[in-house]
Amino acid sequence: MSQANGHDDRTLPLSSVDEASGAFEPLETTPMHSPRAPDAHILERVEAALAELDLERKVRLLTGSGFWRTAAEPAIGLREMVLCDGPAGVRGERFDEREPSASLPCPTALAASWDEDLVERLGGLLAVEARRKHVDVVLGPTVNLQRSPYAGRHFECYSEDPLLSGRIGAALVRGVQAGGVAACVKHFTANDSETERYSVDVRMSRRALHEVHLAPFEEIVRAGGVWALMAAYNSVDGVTMTESPLLETPLRTEWGFDGPAVSDWFATRSTEGAASAELDLAMPGPGPDRPWGAALVAAVRAGLVPREAVDRKVRRLLSLAARVGALAGIAPPAPAPLASEPAVLLREAAAAGMVLLRDTGAALPLDPGTLRRVAVLGPNADTARIQGGGSATVVPPYTIGPLAGLRAALGPDVEVTHGVGARIRHRLPAVTGADVHDPKTGERGLWVRFIGPGGEVLHEEARGGGRLLWLDDPIVARAVAIEAIGVLEVREDGPHRIGVAGVGRFRLLADGIPLVDDDLVTDDPLGGILTPPERWAVVDLKAGGEVELHLRHDFEAERPGTGFVLGVDRPAAHENADLERAVALAADAEVAIVVVGSTEESDSEGRDRAHLSLPGRQDELIRRVAAVNPNTVVVVNAGSPVLLPWREDVAAILVSWFPGQEFGAALADVLLGRAEPGGRLPMTWPGREDDPAVLSTIPTEGRLDYTEGIHLGYRGWARAGATPAYPFGHGLGWTTWEHVGMETVASDGGFVARVTVRNTGARAGRHVLQAYLGRGDGGVERPVLWLAGHASATAAAGAEVIVDLRVPARAFEYWSEETGRRESEPGTYTLRVGGSSADLPLRTTVEVHPTGRS
Ligand code: BGC
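What you see is a predicted model; the values in this text were computed from it and never measured.

**Points about unusual backbone geometry**
Okay, step 1: Going from Gly 140 to Pro 141, the amide bond is cis rather than trans, its omega being 10 degrees.
Okay, step 2: Among the structural elements, Pro 141 can be located in the loop between β4 (137-139) and α5 (162-177).
Okay, step 3: For the peptide bond that leads from Gly 285 to Pro 286, omega is -20 degrees, which places it in the cis range.
Okay, step 4: Looking at where Pro 286 falls in the secondary structure, it is placed in the loop between α8 (272-276) and α9 (294-301).
Okay, step 5: For His 134, which is not glycine, the phi torsion reads 60 degrees and is therefore positive.
Okay, step 6: Assignment of secondary structure puts His 134 in the loop between α4 (116-132) and β4.
Okay, step 7: A residue is classified by how much of its surface remains accessible, and His 134, at 60% relative accessible area, is exposed.
Okay, step 8: Of note in this structure, Asp 603 is not a glycine but carries a positive phi near 50 degrees.
Okay, step 9: In this structure, Asp 603 sits in the loop between β25 (591-597) and α15 (618-628).

Shown next as C-alpha cells:
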C-alpha cells in the first residue's frame, strides 16, 4: 500500500536520471510555465468591450466605486465587482452579527497541515461563502513570509519557507477559483511585518528577493493560476510597491500574470508613478483625494502616461470581470456543492493544523472511561481566540470554545471544572447581547439610531452587541450622529471599565453621568477599523444592578462609513484569587488542561508584537498548575510562536493556533485521540528572545534591512548552529514511525525520493515526510539545508508504506545576481528525508550534471 500527496505536478526539465546513482542532468533551468490564459471567447469579448470605451470611461474603471466595489459600465455589460477580505473566511460587504461568515483556521494553521488537498477543499468553501455573500474577489491568500515571530500578521501568513507557502497558497487559490470566484494573492511583496507598514523601505539582495520572497507569489501565479494580486503598502529598494517595476518584471513578463494588480487599501500614492507602473486598480474609491480619476485623464492627455498603459489596465480588469461573471454574456463556473456541512470541514481542518509539540505519554490521549475529573483552566479556555485581528477578522455564526468542546466530548460522567487562572484582556471587549438589553423592547442587545442634520431620527435598528461598523452605507451618509443605547446588567461586584473605541467625537453616559466626552484621533487611515483608540472610565458596580448606557457618536455629514465599539470590561481585581482557585482545581483533578494564548494587542494587523512571552501571568499559572498536577496539558492558542519557559515541566503541549469557529470541537477530537494532531510546524519556534536567528521588525530610519539574505527561518538557525525550542517541520502524532529506507528514481522527467516508512505504534496515523537538499562544497553560497519536497504517509498500526517525494529540478536552482535568472549548479547535493528539519535519518547524494549550456 502506498499513499502520497503534496507533490509538485508540473513537468520538470530533467533529462536523465541515473537510477543507480540518482544523478541527473537538467536540460536547462526551469522553463516558463504559462498560467491558464483566458479562453479565446473571453479575450474577444474583452477587446470588444474595450473598443467601446473612451478615455474618461476607461479611467473611471480604474478606481473603486466604493470601499469594496469596482465601478460598473452598463453600456458594455459590466457590473460592479465586490472585493472583500480574506483569507480566513469571506467577510462580505456587511460583516456583523446579522450576516455572519464561516470562520476558517488561520492561514498558519492551514500551512501546518502540510495538506494541499485539504486546503483546496477549504478554498471551495471560501468560493461558496463568497457567492453567498455576493463577493467576486476574495482578498487572499497572504503569502508574505514569517520572517519574524514579532510580526503582527504572522498568523495570516503560511510559513517561513517559500516552497511550503507557495504550495499551500496555490492549493487555496485553485479551490477558490474552481468556483468562479477570484483569489487575490497579497501583499506583493516583502510586507512581512507591520512596524511603519505604510512606508517602510525593505532592502535585501536581489537574490533573496527573487529566490525567497517572490517565490511563493511565483508559484501562485504559475501553478495556482491566480486571477488577481494585491500590491503592498511598503517599499522595496526605495520604491513603493504600487509603483514598483516588479509589477512588470518578473510578474508579467516572466511569470505571465495576466490579471489586475490591485493596490492595498489607500496604497496608491501617485498619479503618474502608479499609473505608469503595472498597477491596475486603485482601491478603495471614489473620492476627490484619490490619485487617479480626473488627474489620470489629464496625465494621459499630457502624454505623461501612455494610453496603452490605460488600455492594459482596463483589459486586465475586464478579464477579471469575465472570469467572475461580472461581464454580461460570460458565465463563470458555479462553486461545487460542498461534500459536507461547513462545520464538518472546519472541524477537520482545525484538528489537521494542531501541532503536538511535546508529549510524555502521561496524560494524552484522554480516556473518558478512566477519568472522573478534568480541570479546564486558563484565560482562553472559555473565551478563546479563534482568529487573529485586523482585516482577516470575520464575524462567525457561533464559536465553540475549548471548555464547551471538552464538556460535550467528555460526557456527563466526567466532571469538568473551570477557572480562568489569569486575565489577559487589554482592549475593551464589546458588550454582547448577554450583557445588555434594549430599554425600549427588553430584547437582548442594543438599540441604535441614526440622527440627521436637523436632529431627526433617520433610521433605527436593534443590534446584537457593541461592535458596530458601517461602510458605504447610504443612511450613514445622510446622518450626522449615531446613538447606541442599552441597559447593562451587572453580574459581578467591583470596578468595571466602561468606554468606547473609535475615531471621532464620542459622548458616553452611564445613567446620565458622563464617562467619556472626547475626540478620538488616529493617524492610521485604517486605524478606525483595525485598532481604534479607546477611552473609558472605571465605575464601581454592584452585582444585580442595572446601568443605562447611552453612547453618541457625532461626525460630519456625507461620510459614508463609520464604526465604534461600546465596551464593558468586568472587574479585573480578582487576579490572585483567580490564580489560587485554578491551582486548587488543578490539584483536585486527574488532568489539568491549561488553555493560554495571546491577546488582541498581539497577533493583529497594524502593529508588531513587543515581546514573545505569553501576556499577563500565564507562565506563572502554568508553572503553578504543573507543580500540583503531573498530567498538565498546555494548549497554546496563539497565531505565532510564544516563549514556553516551562516546556520541560508539563506532560504535553499542543499548539492550536487560531483554529476558527470549530475550535473546541476539534480540540476535543484531538485531546481524546479521535483525531490526530495533524500539524507540523511551518516555522521555527524559538526558545529565547535573544536566540540568534530571531529577527527584528523595527526599521532604522525608515529602512528594514533583510541582512539574513537567503538564510531565512530554519536556514538561518542552521547557519548559526543554534538550537530552537522546536524545529521547523516538527510535530508529534498518536503513533510513531520508523524511516526504513530510501531510493532515488526517475519519474516523468522528475526526480523522486521513494521512501519506505513503518508505523511502529499501536494505531493508524499520518506522517508528514519532508525532503531537504544541501550543498556542502559548491562555489555558490547556499543555505545549510532547504525544503525541496514533502508528502504524507498514512498507515495502519505495524504497516509499512512507500511514499514518493518529488523533488523538482527547480529545487536545486538558485537565483543568480550575475545572470538575473535561476541557474543550476552542477555537482553533488545531499538529500535528506525525515520527520522535521532536525530529524532527517535518511540520507543520500544526488549528482547534478552540467547542462552543456554556455
Ligand atoms: C490590508 C489588506 C486588506 C485591505 C482591505 C489592508 O489594510 O493590508 O490585507 O485586504 O486592508 O481590508
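Now that the structure has been shown, the text picks up again.
**Quick word on the domain arrangement of the chain**
Okay, step 1: Domain boundaries in the chain define domain 1 (2-15 + 735-848), domain 2 (347-390 + 401-421 + 577-700) and domain 3 (436-569).
Okay, step 2: Each of domain 1 and domain 2 was reduced to a C-alpha centroid, and the two centroids are 32 Å apart.
Okay, step 3: In terms of surface lost to domain 2, no three residues of domain 1 exceed Arg 763, Arg 766 and Val 768, which account for 74% of the buried area on that side.
Okay, step 4: Taken together, the links from domain 1 to domain 2 amount to zero salt bridges.
Okay, step 5: On the surface where domain 1 and domain 2 come into contact, there are four residue pairs in polar contact (both at pLDDT 80 or more).
Okay, step 6: Looking at the side of domain 1 that touches domain 2 residue by residue, the classes come out as one nonpolar, three polar and two charged.

**Details of the layout of surface pockets**
Okay, step 1: As a volume, the second largest pocket reaches approximately 570 Å³.
Okay, step 2: In this structure, the second largest pocket is lined by 26 residues; those nearest its centre are Leu 471, Pro 525, Arg 559, Gly 561 and Thr 562.
Okay, step 3: Among the elements of the structure, β17 (467-470) and β24 (562-569) are those that each provide at least two residues to the lining of the second largest pocket.
Okay, step 4: Across the lining of the second largest pocket, the residue classes tally to 14 nonpolar, eight polar and four charged.

**A look at empty space enclosed by the protein**
Okay, step 1: Overall, the coordinates contain six cavities of 30 Å³ or more when judged by the stated rule.
Okay, step 2: Estimated volume of the largest cavity: approximately 330 Å³.
Okay, step 3: Considering the residues around the largest cavity, the lining is formed by 21 residues, among which Leu 163, Glu 211, Ala 215, Arg 810 and Arg 822 are closest to the centre.
Okay, step 4: Sorting the residues of the lining of the largest cavity by element identifies α5, α7 (215-222) and β32 (786-795) as the ones contributing at least two each.
Okay, step 5: It is α5 that contributes the most residues to the lining of the largest cavity, four residues altogether.
Okay, step 6: Grouping the amino acids of the lining of the largest cavity by side-chain chemistry returns nine nonpolar, one polar and eleven charged.
Okay, step 7: In this structure, the second largest cavity occupies an estimated 180 Å³ of space.

**Concerning the side chain of Lys 313**
Okay, step 1: You can see Lys 313 is positioned in helix α10 (residues 307-324).
Okay, step 2: At 2.9 Å, the side chain of Lys 313 and the backbone oxygen of Ala 277 are in polar contact.
Okay, step 3: In this view, Lys 313 contacts Leu 62, Ala 274, Ala 275, Ala 277, Glu 278, Leu 279, Asp 280 and Trp 292; residues no more than four positions away in its chain are not counted.

**Considerations on the pattern of salt bridges**
Side-chain pairs of opposite charge can arise where the charged atoms are in close proximity.
Okay, step 1: Within the structure shown, the criterion is met by 68 salt bridges.
Okay, step 2: Close ionic contact of Arg 423 with Asp 578 constitutes a salt bridge, the shortest N to O distance being 2.7 Å. Here Asp 578 lies in helix α14 (residues 575-587) and Arg 423 lies in the loop between β13 (415-419) and β14 (436-437), a separation of 155 residues in the sequence.
Okay, step 3: Judged by relative accessible area, which is 24%, Arg 423 ranks as partly exposed.

**Things to note about the environment of Ile 802**
Okay, step 1: When you line up the elements, Ile 802 lands in strand β33 (residues 800-807).
Okay, step 2: By relative accessible area, which is 39% here, Ile 802 ends up partly exposed.
Okay, step 3: Placed 45 residues apart in sequence, Ile 802 and Val 757 show a C-alpha to C-alpha distance of 6.5 Å.

**Notes on the environment of Asp 517**
Okay, step 1: You can see Asp 517 is positioned in strand β21 (residues 513-520).
Okay, step 2: Separated by 36 residues in the primary sequence, Asp 517 and His 553 have C-alpha atoms spaced 9.9 Å apart.
Okay, step 3: Beyond its immediate sequence surroundings of up to four residues, Asp 517 is in contact with Arg 505, Phe 506 and Arg 507.
Okay, step 4: In this structure the side chain of Asp 517 is engaged in a polar contact, spanning 2.3 Å, whose partner is the side chain of Arg 505.
Okay, step 5: Among the polar contacts listed, one links the side chain of Asp 517 to the side chain of Arg 507, at a separation of 2.8 Å.

**Considering α7**
Okay, step 1: With respect to burial, α7 is a largely interior element, eight of its eight residues being buried.
Okay, step 2: Taken as a whole, α7 has its buried residues at Ala 215, Pro 216, Phe 217, Glu 218, Glu 219, Ile 220, Val 221 and Arg 222.
Okay, step 3: Contacts made by the buried residues of α7 are with α5, β5 (182-188), α6 (206-213), β7 (228-231) and β35 (821-823).

**Looking at the site of the ligand**
Okay, step 1: Surrounding the ligand, one finds 15 residues, the nearest of these being Asp 85, Arg 153, His 187, Tyr 233 and Asp 264.
Okay, step 2: A distance of 2.9 Å separates an oxygen atom of the ligand from a polar atom in the side chain of Lys 186.
Okay, step 3: One nitrogen or oxygen atom from the side chain of Tyr 233 is found 2.8 Å from an oxygen atom belonging to the ligand.
Okay, step 4: When the ligand sits alone it has 310 Å² of accessible area, and the protein chains cover 98% of it.
Okay, step 5: Cavity membership is defined here by more than half of the atoms lying within 2 Å of grid points; on that basis the ligand lies in the second largest cavity.
Okay, step 6: Looking at the shell around the ligand residue by residue, the class counts come to six nonpolar, two polar and seven charged.

Cut-off values and rules
- Residues numbered from 1 in each chain as written.
- Predicted model: local features only at pLDDT ≥ 70, side-chain atom pairs only at ≥ 80, totals over all residues.
- Heavy atoms only, no water.
- Helix = DSSP H or I, 4+ residues; strand = E, 2+ residues; numbered from the N terminus.
- Buried < 20%, exposed > 50% of the residue type's maximum accessible area, 1.4 Å probe, protein only.
- Domains from an automatic or database assignment.
- Buried area = accessible area lost by both parts, 1.4 Å probe.
- Salt bridge = Lys/Arg side-chain N within 4 Å of Asp/Glu carboxyl O.
- Polar contact = N/O pair within 3.5 Å; in protein donor to acceptor, adjacent residues only side chain to side chain.
- Nonpolar A, V, L, I, M, F, W, Y, C, P; charged D, E, K, R; others polar.
- 1 Å grid on protein atoms, 1.4 Å probe; cavity = no way out; pocket = protein on both sides within 12 Å on 5 of 7 lines; lining within 4 Å.
- Points joined across faces, edges and corners; volume = space filled by probe spheres on them.
- Contact = heavy atoms within 4.5 Å.
- Near = heavy atom within 4 Å.
- Areas by Shrake-Rupley, 256 points an atom, 1.4 Å probe, with all protein chains shown as cover.
- Sits in = over half its atoms within 2 Å of the grid points.

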